[in-house]
Structures are given as structure tokens and as C-alpha cells.
Amino acid sequence: DGGITQSPKYLFRKEGQNVTLSCEQNLNHDAMYWYRQDPGQGLRLIYYSQIVNDFQKGDIAEGYSVSREKKESFPLTVTSAQKNPTAFYLCATSWRAGNTGELFFGEGSRLTVL
Amino acid sequence: EDKVVQSPLSLVVHEGDTVTLNCSYEVTNFRSLLWYKQEKKAPTFLFMLTSSGIEKKSGRLSSILDKKELSSILNITATQTGDSAIYLCAGGTSYGKLTFGQGTILTVHP
């Protein structure tokens, strides 16, 4: 199936632990994005990447890190420095770098810090 | 910093009503304005607008962009309970960044 796969769908973490959320796509899209969504809120941009080995900070990058070693993969690490990490995380792709056209979204990962 | 603001933040209507959702943006190197509907998890794409004054329609939904006023509206006519969702708009730049607004929570009662 073509699409965007995020894993895990649900994740529980103890305070002080780093966790990595996976995002894999087989759409051959150039650009990938990570957004955070809090209950009843819109999406806030964490990081985005237009090409392999390059990424830019979004509006709320503090406490997060990413890598883009392969076109298909854009993992997000939520570090212990993130003060309030409990949220719904959405990965998205766009077919061409620099093209702010339609975003395609994964099903999301819900992170809960205990 | 790019900014997108939606209003109202929430709206409750009855089936058959017509609603208008607003989106204003302050986006450097603006390229496009996008609307999405989010019911449970992944947002689904509704419209992308790049030209001012040209209405896009899909069934009971329509949207238009006003670049002079830096705003867009999304209209839904003859609302149905299935229209209940969060409606998101996003401003896109020429270098690929998309900034979303807070969303409008629409509730349609039977």
C-alpha cells in the first residue's frame, strides 16, 4: 500500500526518557514534516525537511530532534528536555521540495508521559 | 514568525444551517492557503488556494482567497452532522513551510 506509516500509534513514556517516533513514506515525496497537536487545537510545526540530509526548525523545535538520512524516513526524537511532551504527533509529506501544495498525513502517534 | 489565525474557534449549528469559517494569515513569502478537515486522526485535504478572488467548490463546500485582505473563508451550506469536525487552514511559503491556525471546531446538531 502506498502511504505514510507512523509508529507506534500509542506510546507511554516515563519522565526523563527520550523516545523516537517513526515516520516512513513510500510516496516518493521530497518534503516531510512533523506537527504536534494538543487537544482541541490546531497543528504546530516542529521540524520540516525538503531534501535528504537537510531539515529546518519549525515554530516549536525546542526539546525535539530529527534526522533525514533517507528520503523515505523522517524520525522524530522527543527528548527529556521537552517540558510537556504529551500530545498527538502527525507526520506529513508533500510531493516536491518548496512546493506548499497538498500535505499528506500519517495516522499519527499519541504520546503520553506518565 | 509566520502566523495564521482562525475564527471562530468553535461553532455550534443545526443541520441545514450555513456556516462561514474565517482564516487570516501573516506569512512571509506566501505561496498558498490550504484548508483541511479533521474528524479523528489524520486531516483530510479540502482546498488549496493560490489566486485571489477565484472560488473553489466541492459539493456543499466552497472557499475563496483574498490576498489584499490576507484572508480566506470556507463556506459550508446545508450543513449535516457529518460536517462536525475541526477545520484547519494553513499558510504555505515559497520554501515549503506550512503554518496552521488553531482550527475551528464545528458541531452540527440534528
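Up top is the structure these notes are about.
The structure contained in this document is the topic of the report that follows. (Residues numbered from 1 in each chain as written. Chains lettered and ligands numbered in written order. Predicted model: local features only at pLDDT ≥ 70, side-chain atom pairs only at ≥ 80, totals over all residues. Heavy atoms only, no water.)

This next bit is on the overall build of chain B. A count of helical and extended segments in chain B gives 0 helices and 11 strands. Starting at the N terminus, the α and β elements of chain B follow one another as β-β-β-β-β-β-β-β-β-β-β. Radius of gyration (C-alpha) of chain B: 13 Å, near the 13 Å computed for a compact globule of 110 residues. The buried share of chain B, reckoned over its 110 residues, is 44%. Considering only contacts within chain B whose residues lie at least 6 apart along the sequence, 55% involve residues at least 24 apart. When the accessible surface of chain B is summed, it comes to about 5,100 Å², and 49% of that surface belongs to carbon and sulfur atoms. (Helix = DSSP H or I, 4+ residues; strand = E, 2+ residues; numbered from the N terminus. Rg over C-alpha atoms; globule rule 2.2 N^0.38 Å. Buried < 20%, exposed > 50% of the residue type's maximum accessible area, 1.4 Å probe, protein only. Contact = heavy atoms within 4.5 Å. Areas by Shrake-Rupley, 256 points an atom, 1.4 Å probe, with all protein chains shown as cover.)

Turning next to the pairing of strand 1 (residues 4-7) of chain A. All names here are of chain A. Burial of strand 1 is one-sided: the residues Ile4 and Gln6 facing one way are buried, the residues Thr5 and Ser7 facing the other way are not. One ladder, built from 4 bridges, connects strand 1 with strand 3 (residues 19-25); its direction is antiparallel. Within strand 3, the position partnered with Ile4 by the bridge is Gln25. (Pairing = 2+ DSSP bridges.)

Right, let's get into the interface of chain B and chain A. Each partner contributes residues to the interface: chain B has 26 residues there, and chain A has 22 residues. In total, about 1,900 Å² of surface goes out of reach between chain B and chain A, with carbon and sulfur atoms giving 56% of it. Of all residues in chain B, B:Lys41, B:Leu98 and B:Phe100 bury the most surface against chain A, accounting for 28% of the area lost on that side. Seen at the junction of chain B and chain A, the total is 1 salt bridge. In this structure, the salt-bridge partner of B:Lys97 is A:Asp59, at a minimum N-O distance of 3.3 Å. The set of elements that each furnish at least two residues to the side of chain B that touches chain A consists of strand 4 (30-38), strand 5 (44-49), strand 9 (85-93) and strand 10 (98-100) of chain B. Element by element, the count of residues in the side of chain B that touches chain A is highest for strand 4 of chain B, at 5 residues. When its residues are assigned to classes, the side of chain B that touches chain A shows 12 nonpolar, 10 polar and 4 charged. (Buried area = accessible area lost by both parts, 1.4 Å probe. Salt bridge = Lys/Arg side-chain N within 4 Å of Asp/Glu carboxyl O. Nonpolar A, V, L, I, M, F, W, Y, C, P; charged D, E, K, R; others polar.)

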